[in-house]
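Given next are the chains, with one letter for each unit.
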Amino acid sequence: KQEVTQIPAALSVPEGENLVLNCSFTDSAIYNLQWFRQDPGKGLTSLLLIQSSQREQTSGRLNASLDKSSGRSTLYIAASQPGDSATYLCAVVSGGYQKVTFGTGTKLQVIP
Amino acid sequence: NAGVTQTPKFRVLKTGQSMTLLCAQDMNHEYMYWYRQDPGMGLRLIHYSVGEGTTAKGEVPDGYNVSRLKKQNFLLGLESAAPSQTSVYFCASKGGAAYGYTFGSGTRLTVV
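Overview of the structure. (Residues numbered from 1 in each chain as written. Chains lettered and ligands numbered in written order. Predicted model: local features only at pLDDT ≥ 70, side-chain atom pairs only at ≥ 80, totals over all residues. Heavy atoms only, no water.)

1. Overview of the overall build of chain A
Phase 1: Per the secondary structure count, chain A includes zero helices and 11 strands.
Phase 2: Element order for chain A, N to C, with α for helix and β for strand: β-β-β-β-β-β-β-β-β-β-β.
Phase 3: At 13 Å, chain A has a C-alpha radius of gyration in line with the 13 Å of a compact globule built from 112 residues.
Phase 4: Considered along the principal axes of its C-alpha atoms, chain A spans approximately 45 × 30 × 20 Å.
Phase 5: Looking at chain A alone, contacts between residues at least 24 apart form 54% of all its contacts between residues at least 6 apart.
Phase 6: Approximately 5,300 Å² of chain A is accessible, and the part contributed by carbon and sulfur atoms is 49%.
Phase 7: When the 9 basic and 8 acidic side-chain charges of chain A are each reduced to a single mean position, those positions are 6 Å apart. (Helix = DSSP H or I, 4+ residues; strand = E, 2+ residues; numbered from the N terminus. Rg over C-alpha atoms; globule rule 2.2 N^0.38 Å. Contact = heavy atoms within 4.5 Å. Areas by Shrake-Rupley, 256 points an atom, 1.4 Å probe, with all protein chains shown as cover. Lys, Arg positive; Asp, Glu negative; His and termini not counted. Charge placed at Lys NZ, Arg CZ, Asp CG, Glu CD.)

Listed below in structure tokens is the structure:
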């Protein structure tokens, strides 16, 4: 059974700081890994999708890396802004039916 | 805009009542999923479908039924609602293995 863990559970940083969110998973036989953000009371917004054959993906100030052999992914946020405050979820797709297993999330607060 | 649409967005039920949540996607995706999100529990898979006419149980299927009569629609039914089913329900869809998930905006259900 795939298990996904995100560390830290919560993070508070001053505006402008670069930060790293971590995601680890137990079964390396994955199709892909997706990072989402969720604002309070809202749905999930996809940030980045990394295929199992890829090492990283970039979108603007966001960079996600994947090390399948060690069961790890990181989400790097450069020059953080108050608008980045949200919960970030890591989702790993594996298994015969494209099922996704979510991490527990990291709640990020960027202080102006 | 293309995407996943959930109806209703909010609902209050009395214990024992029944209801159906509708999920519709216009991206011709094969895979569709129903999740519930509870504080401290993260997102948990209720049921999923790998194509029209197919359904399968996820992690927490008890008390729920689903149907996928049309490819674009995935219905989640509660036959006899219980307070333990108070949650936020998210529907998601996915194309093939190389694609990421698209989530709906959620349905907030309260059972009193």
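2. Examining the overall build of chain B
Phase 1: Within chain B, the secondary structure is distributed over zero helices and 11 strands.
Phase 2: Listed by position from the N terminus, the elements making up chain B come as β-β-β-β-β-β-β-β-β-β-β.
Phase 3: On C-alpha atoms alone, chain B measures out to a radius of gyration of 13 Å, which is about the 13 Å that the 2.2 N^0.38 rule sets for 112 residues.
Phase 4: Structurally, chain B occupies a C-alpha span of about 40 × 25 × 25 Å along its principal axes.
Phase 5: Looking at chain B as a whole, 48% of its 112 residues qualify as buried.
Phase 6: Across chain B, every contact between residues at least 6 apart in sequence was considered, and the portion connecting residues at least 24 apart equals 54%.
Phase 7: Per element, the accessible surface of chain B, about 5,300 Å² overall, is 52% carbon and sulfur.
Phase 8: Positive and negative charge centroids in chain B, built from 11 and 7 side chains respectively, lie 6 Å apart. (Buried < 20%, exposed > 50% of the residue type's maximum accessible area, 1.4 Å probe, protein only.)

3. Quick notes on the packing of aromatic side chains
The way to describe two aromatic rings as a pair is by their centre distance and the angle between their planes.
Residue and element names in this part refer to chain A.
Phase 1: What the rule picks out here adds up to 11 aromatic pairs over all chains.
Phase 2: With a centroid separation of 6.0 Å and an interplanar angle of 45°, the aromatic rings of Phe36 and Phe102 are classed as tilted. Of this pair, Phe36 sits in strand 4 (residues 30-38) while Phe102 is found in strand 10 (residues 99-102), placing the two residues 66 residues apart along the sequence.
Phase 3: Using a relative accessible area of 0% as the deciding quantity, one classes Phe36 as buried.
Phase 4: For Phe102, a relative accessible area of 9% puts it in the buried group. (Phe/Tyr/Trp six-rings, centres within 6.5 Å; stacked < 30°, edge-to-face > 60°.)

4. Description of the sheet that holds strand 1 (residues 4-7) of chain B
Residue and element names in this part refer to chain B.
Phase 1: If you walk across this open sheet you meet the four strands as 1-3-8-7, and the pairing is antiparallel. One side of each edge strand has no neighbouring strand; the edge strands of this open sheet are strand 1 and strand 7 (64-67). Between one strand axis and the next, the sheet turns by 20° as a mean value, whatever way the strands run.
Phase 2: Where strand 1 lies against strand 3 (residues 19-25), four bridges are found, and the strand directions are antiparallel. In the sheet register, Thr7 faces strand 3, and the bridge partner there is Leu22. (Pairing = 2+ DSSP bridges. Axes fitted to C-alpha atoms, helices over the stretch in contact; angles between N-to-C directions.)

5. A look at the nonpolar core
Residue and element names in this part refer to chain A.
Phase 1: In terms of nonpolar packing, the biggest core is built from 23 residues, with Leu33, Trp35, Leu75 and Tyr88 touching the most fellow members.
Phase 2: Of all the secondary-structure elements, those providing two or more residues to this core are strand 3 (19-25), strand 4, strand 5 (44-51), strand 7 (62-67), strand 8 (72-77), strand 9 (86-94) and strand 11 (106-111).
Phase 3: Look past the residues within four positions of Leu75 in its chain and what remains in contact with it is Leu19, Val20, Leu21, Trp35, Leu47, Leu48, Leu62, Asn63, Ala64 and Tyr88. (Core = buried A, V, L, I, M, F, W, Y, C linked by side-chain atoms within 4.5 Å.)

6. Notes on the pattern of salt bridges
A side chain of one charge can pair with a side chain of the opposite charge if their charged atoms are brought near each other.
Phase 1: Considering all chains together, one arrives at five salt bridges over all chains under this definition.
Phase 2: Arg37(A) is paired through a salt bridge with Asp39(A); the nearest N and O atoms lie 2.7 Å apart.
Phase 3: Looking at Arg37(A), the relative accessible area reads 14%, which means it is buried.
Phase 4: Here the residues in one salt-bridge network are Arg36(B), Asp38(B) and Arg44(B), joined through shared partners. (Salt bridge = Lys/Arg side-chain N within 4 Å of Asp/Glu carboxyl O.)

7. Overview of the pairing of strand 7 of chain B
Phase 1: Of the two faces of strand 7 of chain B, only the one carrying Tyr64(B) and Val66(B) is buried; Asn65(B) and Ser67(B) on the other face are not.
Phase 2: The turn linking strand 7 of chain B back onto strand 8 (residues 73-78) of chain B is made up of five residues.

The analysis is restricted to geometry; functional conclusions fall outside its scope.
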